[in-house]
Amino acid sequence: MLNGKTAVVTGGARGIGRAIAYKLAENGANVAVVATRDSEKARETIDNLQKLGVKARLYACDIKSAEEVTSACEEILADFGQVDILVNNAGITRDNILPSLSAMDIDDVIDVNLKGTMFVTKAFIRQFVRKRAGNIINISSVVGLMGNKGQTNYSASKAGIIGFTKSVAREYGRKNIRCNAVAPGYIATDMTGALSDEQRDQIKSQIPLGSLGSPDNVADLVLFLASDSSSYITGEVIKVDGGMYV
Ligand code: NAI
């Protein structure tokens, strides 16, 4: 389905990003994984991707830094020749009620989730325009649509990603570049691993389908958006949340 294409996945070394990287590779795409650092988990991810028979490489880069993003993206283009699919998945939380959020809690979340997504997209957009083809998939969150107590900084960053997605879709549609957002609900990963059993039961009670989602549930949607099956879809936000926000 994606044979010969190259995908970049930020935060692709674990969790949802890793499931996305595997899914795209299983469908034939070469994958450049952008991760904060060269960890053992990141190495293991690259080994597994290579075992799937595709080209895969790791790029250590903090997406908060515009300079690091520029040089990592140049390196990716030099190594892979071109990029076809960009998945902006890297993200963090620093949850607290508003009065208890430090300036750093606010800056970090906006810098990684929103500005990082913008920096990486900006670094590849000229290349997409030159080849008159590109596919950008941004991982937002259902809380970017519905809001959430204790997550003012995070939900603002994820709502920002939605505005960014729609603007990129409008600015580059004529250049045959699509840009969509995915809004996951609660997905079982390290990010949600810190929840207590009580919190988890409370969350499940709000989800019509009755369980947390898996990284694969998100990856399946990303694969659809990355493929030609979605060729007439752009500027869209698609939820994968078990019906949590209907
Ligand atoms: P995770 O914490 O397991 O993985 C996040 C990834 O982002 C890690 O690989 C990490 O290294 C990378 N990352 C963090 N800061 C970075 C930086 N400054 N530069 C480069 N990479 C960085 O999280 P998870 O659960 O896999 O989340 C992935 C995405 O999905 C995030 O954007 C998250 O906000 C979003 N999401 C997650 C949900 C969940 O329930 N787990 C729900 C809705 C959205």
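Residues numbered from 1 in each chain as written. Predicted model: local features only at pLDDT ≥ 70, side-chain atom pairs only at ≥ 80, totals over all residues. Heavy atoms only, no water.

### Describing the site of the ligand
Around the ligand there are 26 residues in total, and Arg14, Asn89, Tyr154, Ile187 and Thr189 lie nearest to it. Ile16 is positioned with one of its backbone polar atoms (N or O) 2.8 Å from an oxygen atom of the ligand. Here a nitrogen atom of the ligand sits 2.8 Å away from a polar atom, N or O, in the side chain of Asp62. In isolation the ligand offers 820 Å² of accessible surface; the protein chains occlude 94% of this area. Elements with a minimum of two residues in the shell around the ligand: helix H1 (15–26), helix H6 (152–172) and helix H7 (190–193). (Near = heavy atom within 4 Å. Polar contact = N/O pair within 3.5 Å; in protein donor to acceptor, adjacent residues only side chain to side chain. Areas by Shrake-Rupley, 256 points an atom, 1.4 Å probe, with all protein chains shown as cover. Helix = DSSP H or I, 4+ residues; strand = E, 2+ residues; numbered from the N terminus.)

### Considering a nonpolar patch on the surface
Together, Leu145, Met146 and Tyr245 make up a nonpolar patch on the protein surface, roughly 240 Å² of accessible area in all. As for its placement among the helices and strands, Leu145 is situated in helix H5 (residues 143–146). Under the relative-accessibility criterion, Leu145 is labelled partly exposed at 37%. (Patch = residues over 30% accessible without salt bridge, like charges linked within 9 Å, V, L, I, M, F, W, Y side chains within 5 Å. Salt bridge = Lys/Arg side-chain N within 4 Å of Asp/Glu carboxyl O. Buried < 20%, exposed > 50% of the residue type's maximum accessible area, 1.4 Å probe, protein only.)

### A short note on the pattern of salt bridges
Under the definition given, this model contains 10 salt bridges. A salt bridge links Asp79 to Arg57; the nearest nitrogen and oxygen atoms lie 2.7 Å apart. Note that Asp79 is positioned in helix H3 (residues 66–80) and Arg57 in strand E3 (residues 56–60), a separation of 22 residues in sequence. We classify Arg57 as partly exposed; its relative accessible area is 36%.

### Looking at the sheet that holds strand E7 (residues 237–240)
With parallel pairing, seven strands are arranged side by side in an open sheet as E3-E2-E1-E4-E5-E6-E7. The outermost strands of the open sheet, each flanked by one partner alone, are E3 and E7. Here the strands of the sheet are splayed against their neighbours by 20° on average, with no regard to which way each runs. Relative to strand E2 (residues 30–35), strand E1 (residues 6–10) is paired through five bridges, and the arrangement is parallel. Residue pairing for E2: Thr6 is matched across the bridge by Asn30. (Pairing = 2+ DSSP bridges. Axes fitted to C-alpha atoms, helices over the stretch in contact; angles between N-to-C directions.)

### Considering the pairing of strand E5 (residues 134–139)
Counting buried positions along E5 gives six out of six residues, so the element sits mostly inside the fold. In E5, alternate side chains face the same way, and those of Gly134, Ile136 and Asn138 on one face and Asn135, Ile137 and Ile139 on the other are all buried. As paired elements, strand E4 (residues 85–88) and E5 share four bridges and run parallel to each other. Bridge pairing in E5 links Ile85 to Asn135. A crossover links E4 with its parallel partner E5, the connecting element being helix H4 (residues 103–131), and its sense is right-handed. For E5 and strand E6 (residues 177–184), the ladder comprises six bridges, and the chain directions are parallel. Each bridged residue has a counterpart across the sheet, and for Ile136 the counterpart in E6 is Cys179. (Right-handed = clockwise from strand over helix to strand, strands pointing away.)

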